[in-house]
Amino acid sequence: ILRAAQDRGVIQGGSGHEMLEVWLKEKPGPALVEAWKKYVSGLWAQLSEAEQRELSGEILGGARAVAESAGGFLGLGKKVSEAEAAVLDDLAAFLK
């Protein structure tokens, strides 16, 4: 997961990397998820439809890449767990 994040621009040793390490040890709580949704909702209203599509693709693509990097074993089995797929679906619905 950390490697996938680095591939997407999260710098090792940076605050984003440190935050991700913490989240890997302890799942972010519902309050943080709701705060992120409020932030994105405020930002969303200021974007054109094209910008919304681009940002949505970037967010969903990054989330899917991280989920896929954590799944499967030696390339076998499901790459994205059912729980991860549910989160991705919720994220996609939110970003519409």
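Keep in mind the model is a prediction, meaning the values are calculated, not measured.

1. A look at the packing of aromatic side chains
Under the criterion given, the structure shown has one aromatic pair. An angle of 45° between the planes, with centres 5.9 Å apart, marks the rings of Trp36 and Phe94 as tilted. One end of the pair, Trp36, is in helix α3 (residues 30-44); the other, Phe94, is in helix α5 (residues 82-94), and 58 residues separate them in sequence. Here Lys37 stacks its cationic end above the ring of Phe94, 5.5 Å away from the centre of that ring.

2. Notes on the pattern of salt bridges
Pairing is possible between side chains that carry opposite charge, provided their charged atoms lie close to one another. Under the criterion given, the structure shown has one salt bridge. Its salt-bridge partner being Lys37, residue Asp90 comes within 3.3 Å of it at the nearest N-O pair. Of this pair, Asp90 sits in helix α5 while Lys37 is found in helix α3, placing the two residues 53 residues apart along the sequence. Given the relative accessible area of 17%, Lys37 is considered buried.

3. Let's talk about the confidence of the model for the protein chain
This prediction gives the protein chain a mean pLDDT of 86; 91% of its residues lie at or above 70. Ranking the helices and strands of the protein chain by mean pLDDT puts α3 first, with 91, and helix α1 (residues 2-7) last, with 82.

4. As for the packing of α3 against α5
Their axes nearest at 12 Å, the elements α3 and α5 cross at an angle of 30°. In terms of orientation, α3 lies roughly parallel with respect to α5. In this structure, the crossing between α3 and α5 has a hand that is right-handed. Every residue of α5 that contacts α3 at Trp36, Lys37, Val40 and Ser41 is listed here: Asp90, Leu91 and Phe94. Here the residues of the contact of α3 with α5 sort into four nonpolar, one polar and two charged.

Rules of the game
- Counting restarts for each chain: residues are numbered from 1 in the order of the written sequence.
- Per-residue local features are limited, in this predicted model, to residues with pLDDT of at least 70; the limit for side-chain atom pairs, both in listing and counting, is 80 or more; totals at the level of whole chains, interfaces and linings are taken over all residues.
- Heavy atoms throughout the structure, all of them, feed into the side-chain values; hydrogens and water do not.
- Aromatic rings from Phe, Tyr and Trp, taking only the six-membered ring of Trp, are treated as a pair when their centres fall within 6.5 Å; an angle between ring planes under 30 degrees marks them as stacked, one over 60 as edge-to-face, and anything in between as tilted.
- The way it works is that DSSP assigns letters per residue, a run of H or I at least four long becomes a helix, a run of E at least two long becomes a strand, and they are numbered from the N terminus.
- Whether a charge sits over a ring depends on NZ of Lys or CZ of Arg being within 6 Å of the ring centre and within 35 degrees of the ring normal.
- Note on definitions: salt bridges are taken to be side-chain nitrogens of Lys or Arg within 4 Å of carboxyl oxygens of Asp or Glu.
- Each residue is placed in one exposure class: buried if its accessible area under a 1.4 Å probe, protein chains only, is under 20% of its type's maximum, exposed if it is over 50%, and partly exposed if it falls in between.
- Every residue is assigned a pLDDT by the predictor, reflecting its confidence on a scale from 0 to 100.
- Throughout, an axis means a line fitted to C-alpha atoms (over the contacting stretch in the case of helices), and angles, computed between N-to-C directions, take values from 0 to 180 degrees.
- Throughout, the term roughly parallel applies to angles under 35 degrees, roughly antiparallel to angles over 145, roughly perpendicular to angles from 65 to 115, and oblique to all others.
- Should the near helix be turned counterclockwise from the far one by less than a right angle, the crossing is left-handed, whereas a clockwise turn marks it as right-handed.
- Throughout, a contact is declared for two residues whenever any of their heavy atoms are within 4.5 Å.
- Under the grouping applied here, Gly and all other residues not named as nonpolar or charged are polar, the nonpolar ones being Ala, Val, Leu, Ile, Met, Phe, Trp, Tyr, Cys and Pro and the charged ones Asp, Glu, Lys and Arg.

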